[in-house]
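# Notes for the structure review
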Amino acid sequence: MVTLAEVAQHAGVSASTVSYVLSGKRSISAGTRQRVERSIQELGYHPNAGARALASSKSNIIALMVPLRTDMYVPVMMEIAIAVATTARIHGYDVLLLTGEEGPDAVRRVTGSGLADAMILMDVELDDERLPLLRDTDQPSVLIGLPADTSGLTCVDLDFGATGALCVEHLAMLGHREIAVVGEAPAVYERHTGFAERTLDGLRSRARELGLRVLHRPCEGGYDAMAATLARIFDERPGTTGFVVQNESAVEPLLALLRQQGRAVPEDVSVIAVCPEQVALQASVRLTSVAIPAQEMGRRAVEQLVAKLDGRETDEVVLLAPELTVRASTGPLTGG
C-alpha cells in the first residue's frame, strides 16, 4: 500500500504539503498542487478514511435517521433510504443508517460525536421533538417529511394535503358522495405523523368544499383488522361507495372482503389507494392510485443537503406534486 511519505517523495515535497493538498486547509500554489495530485494518481494512493476525517474535520458521511416501526410500511422507507444512499454516493458521501426509535438522543449522538457531516431525518411528526435540536445546531440537515412549523428547516415531501384533495376530487367527479378513508394504524395518528395527518386534512377540507361526507377509520392492516374496520364502516355509513386507502397492508384484505360481500369493484364500490406503484399494479384489481415518489424524495433530499454542505443555503420546503393514475378500481356511481 502506497504511503503519504512515498507520495511526498515522488512529488518532491514535504509530507505536510501533501496533507494540505488533501485537506484543503492551507493555500498551496497551483503548480505544487498539480504535482502532488499527479503523484497521487500515478502511485494509486488512497488516503486512509479515518486519517482523512481527522485531517479535514469531515467524515464524508451523511446520517440517515429512519426509525423502522412495526406500524409503518418498511418497503417504502427502504426505497427512500436506497435512493438517499445511491445519490449520496454520486456526490462522494457514504450513508450511516440509524434505524432505532431514539428520537432526540440520535440527533445528539450525531451532532456530538462528529460521526457525520450532515443528517437526513425521516418519519417526521407534526411536532417532532427532534426539531429544536436541529434548529440549535450548525450541522446541516434535511427532513423527508413536513412538520407543522417549517421555519429554519429544509424539507422534502410529497404534497400529501394535495394528495388527499386529489383523491376526493376524482371520486366526486364519478358521482360518489359517501367516502370512507381506511387509514394507517392508530399509532401513526397518535404520534401525529405528518404524512398521514396532512393527507386526512387535505381530503376532509376538499370534501367539505364539494359537499361529500367522509368517514375516517384507522386500521392495523391484515385481514382480521380490515374485516372489523369494514364492518364498522358499513354499520355507520351503509351508503359508502368510495374508499380511499392509505395503508398498504389493508389493500388486498379490503378487496377480498368487498368481493366476499358481493360488492363489485368498480361497479358497486370505487377504491383509490395512496401507495407505491408496485402495490397498485399487483393488487387483485389494478388500483387507481397516487404513487409515493420514494426515489425522487430520497434524491431531492440529498441534493438539498449537498447544496447546504457546499455553502448554498436552501432553507425551504420542496413539495412534490401528486399524480393520480386511473386504473380499474374506480368508476362512475351506478346505483344512485
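So, how was this worked out
- Residues numbered from 1 in each chain as written.
- Predicted model: local features only at pLDDT ≥ 70, side-chain atom pairs only at ≥ 80, totals over all residues.
- Heavy atoms only, no water.
- Pairing = 2+ DSSP bridges.
- Helix = DSSP H or I, 4+ residues; strand = E, 2+ residues; numbered from the N terminus.
- Axes fitted to C-alpha atoms, helices over the stretch in contact; angles between N-to-C directions.
- Contact = heavy atoms within 4.5 Å.
- Phe/Tyr/Trp six-rings, centres within 6.5 Å; stacked < 30°, edge-to-face > 60°.
- Buried < 20%, exposed > 50% of the residue type's maximum accessible area, 1.4 Å probe, protein only.
- Lys NZ or Arg CZ within 6 Å of the ring centre and 35° of its normal.
- Expected span 1.5 Å × (residues − 1).
- Lys, Arg positive; Asp, Glu negative; His and termini not counted.
- Salt bridge = Lys/Arg side-chain N within 4 Å of Asp/Glu carboxyl O.
- Core = buried A, V, L, I, M, F, W, Y, C linked by side-chain atoms within 4.5 Å.
- Domains from an automatic or database assignment.

### Observations regarding the sheet that holds strand 11 (residues 317-320)
What the six strands build is an open sheet, ordered 2-1-3-4-5-11; its pairing is parallel. The open sheet terminates on both sides in strands that have one partner only, identified here as strand 2 (94-98) and strand 11. Going across the sheet, the axis of each strand differs from the next one's by a mean of 20°, ignoring polarity. Pairing geometry for strand 5 (residues 155-158) and strand 11, over four bridges, is parallel. Paired with D157 across the strands is L319, a residue of strand 11. Packed onto the sheet, helix 5 (residues 74-90) meets strand 1 (61-65), strand 2, strand 3 (118-121) and strand 4 (141-144) and runs at close to 155° relative to strand 2.

### Some points on the packing of aromatic side chains
Scanning the entire structure with this criterion turns up two aromatic pairs. Arranged with centres 5.6 Å apart and planes meeting at 50°, the rings of F160 and F195 form a pair that is tilted. On the criterion of sequence distance, the pair formed by F160 in helix 8 (residues 160-173) and F195 in helix 10 (residues 194-210) is long-range, its members being 35 residues apart. Like F195, F160 is buried. Lying over the aromatic face of F234, R263 brings its terminal NZ or CZ to 3.6 Å of the ring centre.

### Structural notes on the sheet that holds strand 6 (residues 178-183)
The strand order across the open sheet formed by six strands is 7-6-8-9-10-12, and the pairing between neighbours is mixed. Pairing within the sheet leaves two strands with one partner each, and these edge strands are strand 7 (213-218) and strand 12 (324-325). Judged from the four bridges that link them, strand 6 and strand 8 (residues 242-245) form a sheet pairing that is parallel. Within strand 8, the position partnered with V182 by the bridge is V245. Against the sheet, helix 8 engages strand 6, strand 8, strand 9 (270-275), strand 10 (288-291) and strand 12, with an angle of about 165° to strand 9. The strands touched by helix 10 are strand 6, strand 7 and strand 8; relative to strand 7, the strand with the most contacts, the crossing angle is about 160°.

### A closer look at helix 14 (residues 294-309)
Taking 1.5 Å per residue as the helical rise, helix 14 with its 16 residues ought to reach 22 Å, and the 23 Å between its terminal C-alpha atoms agrees with that figure. Within the sequence span of helix 14, burial applies to A294, M297, G298, A301, V302, Q304, L305, V306, A307 and K308. On its buried side, helix 14 packs onto strand 1, helix 5, strand 3, strand 4, strand 5 and strand 11. One or two positions beyond helix 14, positive phi appears at G311, with a value near 90°.

### A word on the side chain of D157
Its place among the elements puts D157 in strand 5. It is R198 that comes nearest to the buried, bridge-free D157 among opposite-charge side chains, at 5.9 Å.

### Concerning the pattern of salt bridges
Per the counting criterion, the structure on display carries 15 salt bridges. Residue R299 is joined to E303 by a salt bridge in which the shortest nitrogen-to-oxygen separation is 3.1 Å. One end of the pair is R299 and the other is E303, both in helix 14 and four residues apart, which spans about a single turn. Look at R299 and you get partly exposed, because its relative accessible area is 34%. Since its relative accessible area comes to 32%, E303 is described here as partly exposed. By sharing partners, the salt bridges in this structure join R69, D123, E125 and R191 into a single network.

### Notes on the nonpolar core
Core analysis: the largest hydrophobic core is formed by 47 residues, its most contacted members being I80, I120 and I144. Each of domain 2 (61-158 + 294-320) and domain 3 (160-292) accounts for three or more of the residues forming this core. Apart from the residues within four sequence positions on either side, I120 is in contact with I62, A63, L64, M65, V84, V142, I144, A301, V302 and L305. If you look at the next biggest cluster of nonpolar residues, it comprises 26 residues, including A180, F234, L254 and L258.

In short, geometric facts, not functional conclusions.
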